[in-house]
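These are the residues of each chain, in order.
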Amino acid sequence: MILHIQQTTANGTHLFRITEQNQLLYTADTPFFNPVTPVIGGPVSTLTLSDASGQVRFTSHAETVDNLKESLKPLSYLFTGSKKIACYTVSDYNGQQHGAFYVEFSELMKYKMVIEYRGKYISCFKRSMGKREVVSFYKDEVQVGQLTKPNCVVNQLDQYYLHFIDGYEEWTGILAFFVIYYDFLYHNSNGQYSKSSYQANITYTYDKNSSKYDKDFLRTQFGSAEEQRIDQWIRQVYADASQSSKADFKKFWLIFGIGWGVAIIITLLVLLIIFF
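As the structure is a prediction and not an experimental result, all values here were calculated from the model.

## What to know about the pairing of strand E11 (residues 142–150)
No. 1: Burial within E11 is extensive, with 8 of its 9 residues counted as buried.
No. 2: Bridging between strand E10 (residues 132–139) and E11 involves 8 bridges; their strand directions are antiparallel. When the sheet's bridge partners are listed, Arg132 is paired in E11 with Pro150.
No. 3: What sits between E10 and E11 in their antiparallel hairpin is a turn of 2 residues, with Asp140 showing a positive phi close to 60°.
No. 4: Note that E11 and strand E13 (residues 159–164) share 4 bridges and pair antiparallel. Paired with Thr148 across the two strands is Tyr161, which belongs to E13.

Structure representation (structure tokens):
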């Protein structure tokens, strides 16, 4: 399974397209503005995943009260053994609950995201590796998938590739929805409007779960050609963003120059009128 998740709208609402081999599977939307935080959730923090025909497949709601209680006890996991925050239950269009997404802390500098689906669990470990951000998915002690995101964003529009090994086809919808939850949690740009923006970072993160990242996962599970395609995709995103940034910079100086030119002409005209 290889899914491409692309954010298509960032201002006023957050919309996403999820495709497989260029075929539309799902669309999704998340709140543009959350009056609390994505971690705690608020009255408008509902995430929605719809199929290609527009039929709602899943909705997710924040467990606001429980999240707030846990947020007020930041180090409780040191005494209780674990702590769950950012809990969002997942229900179908009939309101039947199928699982949940949450972040679980077990000790200092050690946490994981969890996908709970029909009584089964997948653990998810986030790490930033230079020009890319990755999430490694584990079923028990075996890595079964990887989410890849460029550490580069233009106009606040995020994009991801999700790779999952065979045998998880029935999880396709819930995995796609998890990416939407993940974006809402870590890359929501809560309530920020932007006509044109460019952000590029090269960052590395390390914690007690750093060993969960396998740099060879794509090559060993999907082949060298797919690994090279993702590498090229990362490079192209940075190149496109750089060109966009240069174009915006030139546009700024053009407008700036025209503005000053108009101001000088008006000043000269005023002086001519005054003195002649």
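## Comments concerning empty space enclosed by the protein
Which parts of space are left empty comes out when a probe the size of a water molecule is rolled across the atoms.
No. 1: Using the criterion set out here, one finds 1 cavity of 30 Å³ or more in the structure.
No. 2: Taken as a whole, the largest cavity holds about 30 Å³ of empty space.
No. 3: Taken together, Tyr111, Lys112, Cys124, Phe125, Lys126, Asp207 and Asn209 form the lining of the largest cavity.
No. 4: Looking at the lining of the largest cavity, the elements with two or more residues in it are strand E8 (110–117) and strand E9 (120–130).

## Some remarks on the confidence of the model for the protein chain
No. 1: Averaged over every residue, the pLDDT of the protein chain is 83; residues scoring 70 or more account for 79%.
No. 2: Contacts from residues 245–256, a stretch scored under 50 in pLDDT, to residues over four places away or in other chains number 2 contacts.

## Digging into the side chain of Ser210
No. 1: For Ser210, the position within the fold is in the loop between strand E15 (203–204) and helix H4 (217–222).
No. 2: What Ser210 contacts, discounting residues up to four positions off in sequence, is Arg127 and Thr205.

## Description of the pairing of strand E3 (residues 23–30)
No. 1: Pairing of strand E2 (residues 14–20) with E3, which is carried by 7 bridges, proceeds in the antiparallel orientation. Looking at the pairing, Arg17 lines up with Thr27 of E3.
No. 2: Counted between consecutive antiparallel strands, the loop separating E2 from E3 contains 2 residues, among which Gln21 sits at a positive phi close to 55°.
No. 3: Sheet topology places E3 next to strand E4 (residues 46–51); 4 bridges connect them, and they run antiparallel.

## Side note on the nonpolar core
No. 1: With 53 residues, the main nonpolar core has Ile115 and Phe137 as its most contacted residues.
No. 2: The leading source of residues in this core is helix H3 (residues 172–186), at 11 residues.

## Description of the packing of aromatic side chains
No. 1: One pass over the full model with this rule turns up 19 aromatic pairs.
No. 2: Geometrically, the ring pair formed by Phe178 and Tyr181 is tilted, given 5.9 Å between the ring centres and 40° between the ring planes. Note that Phe178 and Tyr181 are positioned in helix H3 at a spacing of 3 residues, about one turn of the helix. We note that Phe178, like Tyr181, is buried.
No. 3: Sitting over the face of the ring of Tyr102, Lys84 holds its NZ or CZ atom 4.6 Å from the ring centroid.

Cut-offs used in this document
Residues numbered from 1 in each chain as written. Predicted model: local features only at pLDDT ≥ 70, side-chain atom pairs only at ≥ 80, totals over all residues. Heavy atoms only, no water. Buried < 20%, exposed > 50% of the residue type's maximum accessible area, 1.4 Å probe, protein only. Helix = DSSP H or I, 4+ residues; strand = E, 2+ residues; numbered from the N terminus. Pairing = 2+ DSSP bridges. 1 Å grid on protein atoms, 1.4 Å probe; cavity = no way out; pocket = protein on both sides within 12 Å on 5 of 7 lines; lining within 4 Å. Points joined across faces, edges and corners; volume = space filled by probe spheres on them. pLDDT = per-residue confidence, 0-100. Contact = heavy atoms within 4.5 Å. Core = buried A, V, L, I, M, F, W, Y, C linked by side-chain atoms within 4.5 Å. Phe/Tyr/Trp six-rings, centres within 6.5 Å; stacked < 30°, edge-to-face > 60°. Lys NZ or Arg CZ within 6 Å of the ring centre and 35° of its normal.

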